[in-house]
Amino acid sequence: MKIQDTLSNSEQKLDVSKKVRIYLCGVTVYDESHIGHARTIIVFDVLRKYLERKGIEIEFIQNFTDVDDKIINRAEIENTTAEKISIRYIENYFKDFDGLNVKRATNYPKATEHIDDIIKFIEKLIEKQIAYTSKNGVYFSVSKFPEYGKLSKKNIEELQSGARIDIDEAKNDPLDFALWKFSEKKPAWESPWGKGRPGWHIECSAMSLKYLGENFDIHGGGRDLIFPHHENEIAQSESFTESPFAKIWMHVGMVTINGEKMSKSLGNIKSIKHVLENWGPNIIRLFCLSGHYSKPIDYSEELLKENLTKWRQVETCYYELIHADGENREEVNSVMEKIKIEFSNALEDDLNTHLALSSFFQLVKEANRLAAEEKLGKEDAKIIKKEFESMLQVLGLIIPKMTENKKQEITNLITNREIFRKEKQFNEADKIRDKLNEMNVELIDHKGRTIWMKKENIKAEKF
RNA sequence: GGUACUCUGGCAGAACGGUUAUGCGUGGGCCUGCAAAGCCUAUACAAGGGGGUUCGACUCCCUCGGGUACCUCCA
C-alpha cells in the first residue's frame, strides 16, 4: 500500500510485513466534536479496517489531550474542575464516534495519565541541553534542532522574522516552545523544575514512544496540525531518540463550510451529535469518504442528500440480496472478481476512498440490475453478498438490523396485502402498504412476489 | 507578506502523456393495479486565463489570475 507522506512529499510504501503501528492525534476534550474531527477519524478508521481485512495486525493509538488552557478556561467558566470537563467530553467523544461506527483504538492514552513519562522525556532533553528552564517554564530550544521546519517546509529565519511579538521574554528564541509550563493552580504536578503542567506537543512525543516505540509506521492528524504541532513533535522526538520519528506522515484535509474551514472561532461548527441525529452514521461516512482524504471537503446539505440517495441504493441492494430466491445463474463471479480487485487497488493507492466507493456502487448497481431484471439467482446473490459485506465492513457502513419478530410481522402484513391485491381490493392493500411505510418498511414488487426493505430512519429526509 | 495546496461539465468528484471515468441532477422509457424503490437509456466537446515542451496534455514546464489552509489554539 502506498501513502502520501507529508515529510518527504512523496508516496511511500507502507511496510506490512509486520504489525503496523499508527498514532493519530485525537481531540482536545473541552467541547463537542464536529464533523471536521469526524472526517479525520473516519479516514483512519477505514485505513485501519482495510489493513485488518488484509490480515495485518494493527496497533492503533489515539490520544486525548486532557490538559490544556481551553479545558482550564472552560472549567473556570463553569466553575468546575478541568478533570470534570475532560471526563465529560471524553464520554461525549465515545458517544459520537461509537455512533459513527468507528472501531475503538487499541488504546486512548491521556496526557494526565502520563505525566511521569512526560517528565522523564523532558529531563533527558534538558540533559542533552536541547531544553532549558526559564522563569515561566521549560522550553525546547529550536536552534538546537537544525532540521526544524522540515515537515511544514518552513525555514527558521523566515519564521523568526515573521514571528508575532512574543510576550514571553523568558524564551531565548521566539520560536522556542513550551515543554512544561509553571503554574500553581488547579491541574498541576510536581516536577524537578517546579509545579506546573506539560505543554501541548510533548504528550504525543512521550506517549507515542511509550506505546509504539521509535520509528513507528504512520503518524496522522488533520492538516492543521502540521505546524506547529507535528513539527514540534518531530523536533522533540528526534532530539530524544536521535533516530527518525514516524515513517509516514499522513494528513487529512479540512472540512469546510461555504469554502471556509469549520472552526469554533468562525462559529460554523456542525457538531457530530447534530449531524448524526439528522443523517445517521452511514450518510456521514459516505460523505466523509466521497473525496480524497488529503483534500478539503465542503459540507453541505445537498451533498448529504446526494449520499442519502446512494445509501438507499445500498439498502435496496442488501435486501435484494438477502431475499433473492431465483434459480438463475448469471455467472457473476468474474464481474465480482473485477470489482473486488478495483476496490482494493483504489485503497492501495493512497487510500483513494472515492474510487473505492465507485467500485462499491458498481457492485450495488450490478446486483440491483439483476434483481430488476428478475435474474438474481440465490447462488449469485450469495457470491455478491460476500463481497458486499466485506466492502461494507471496510467502509464502516452498517445496515440496521431487525428483530425476528418484526420480520415476521412484516411478512404477515405482506401476505395479507397479497390477498387483497389478488382480489383487486387495492384500497385495502394500499392501507397495508402505508402502514408498513410508517414503519420505514418499503415494499418492492417483483414479478410474482413482493420483498421488503427496512429503510434507515433519516430525520433530515422528512424536510 | 511568506509557505503549502488547489482551480475539471448544473453540482460532486477521479484518472498521475494517448480510453473525453463515475455518481447526483435532468429528459425519456421499463417494471407496477397505481405507486414507491430499482433498473434501462439519453444528456455535458469540461479542464481558471495565456504561453510553451510533445506526434499527442486534464496530466509536464513557465507565466498571470482566483480560492483555501498554515504562519497563534485548532482534526
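Coordinates for the structure precede this section.
Note that this is a predicted model, so its numbers are computed, not measured.

Reading guide: rules and limits
- Residues numbered from 1 in each chain as written.
- Chains lettered and ligands numbered in written order.
- Predicted model: local features only at pLDDT ≥ 70, side-chain atom pairs only at ≥ 80, totals over all residues.
- Heavy atoms only, no water.
- Phe/Tyr/Trp six-rings, centres within 6.5 Å; stacked < 30°, edge-to-face > 60°.
- Helix = DSSP H or I, 4+ residues; strand = E, 2+ residues; numbered from the N terminus.
- Buried < 20%, exposed > 50% of the residue type's maximum accessible area, 1.4 Å probe, protein only.
- Lys NZ or Arg CZ within 6 Å of the ring centre and 35° of its normal.
- Axes fitted to C-alpha atoms, helices over the stretch in contact; angles between N-to-C directions.
- Parallel < 35°, antiparallel > 145°, perpendicular 65-115°, else oblique.
- Left-handed = near helix turned anticlockwise from the far one by under 90°.
- Contact = heavy atoms within 4.5 Å.
- Nonpolar A, V, L, I, M, F, W, Y, C, P; charged D, E, K, R; others polar.
- Near = heavy atom within 4 Å.
- Polar contact = N/O pair within 3.5 Å; in protein donor to acceptor, adjacent residues only side chain to side chain.

## A short note on the packing of aromatic side chains
A full pass over the atoms with the stated rule returns 21 aromatic pairs. On the numbers, 5.6 Å between centres and 85° between planes, the contact of Phe 64 with Phe 94 is edge-to-face. One end of the pair, Phe 64, is in the loop between strand S4 (58–62) and helix H2 (69–78); the other, Phe 94, is in helix H3 (residues 82–99), with 30 residues separating them in the sequence. Ring centres of Tyr 93 and Phe 97 lie 4.3 Å apart, and the angle between their planes is 20°; on these two criteria the pair is classed as stacked. One end of the pair, Tyr 93, and the other, Phe 97, are both in helix H3, four residues apart, so they sit about a helical turn from each other. Judged by relative accessible area, which is 2%, Phe 97 ranks as buried. Chaining the aromatic ring pairs together yields one cluster made of Tyr 318, Tyr 319, Phe 360, Phe 361, Phe 388 and Trp 452. Residue placement shows Arg 104 over the ring face of Phe 94; its charged tip is 3.9 Å from the ring centre. One cation-aromatic arrangement involves Lys 310 over Phe 361; the distance from NZ or CZ to the ring centre is 5.6 Å.

## As for the packing of helix H1 (residues 35–53) against helix H8 (residues 272–288)
Axis separation between H1 and H8 bottoms out at 11 Å; the angle between their running directions is 40°. As judged from the angle between their axes, H1 and H8 are oblique. The way H1 lies across H8 gives a crossing that is right-handed. Counting all contacts with H1, which are made through Ile 35, Ala 38, Arg 39, Ile 42, Asp 45, Val 46 and Lys 49, the residues of H8 involved are Ile 272, Val 275, Ile 284, Arg 285 and Cys 288. The residue inventory of the contact of H1 with H8, partitioned by class, reads eight nonpolar, no polar and four charged.

## What about the protein's contact with RNA strand B?
Taken together, 58 residues sit near RNA strand B, with Trp 200, Gly 222, Leu 225, Lys 261 and Lys 310 positioned nearest. Sugar plus phosphate: this is where 62% of the atoms of RNA strand B within 4 Å of the protein reside. Lys 70 places a polar side-chain atom, nitrogen or oxygen, 2.8 Å from a sugar or linking oxygen of RNA strand B. Among the elements that take part in the surface near RNA strand B, helix H11 (residues 353–372) stands out by supplying seven residues, more than any other. Taken together, the residues that form the surface near RNA strand B break down as 15 nonpolar, 21 polar and 22 charged.

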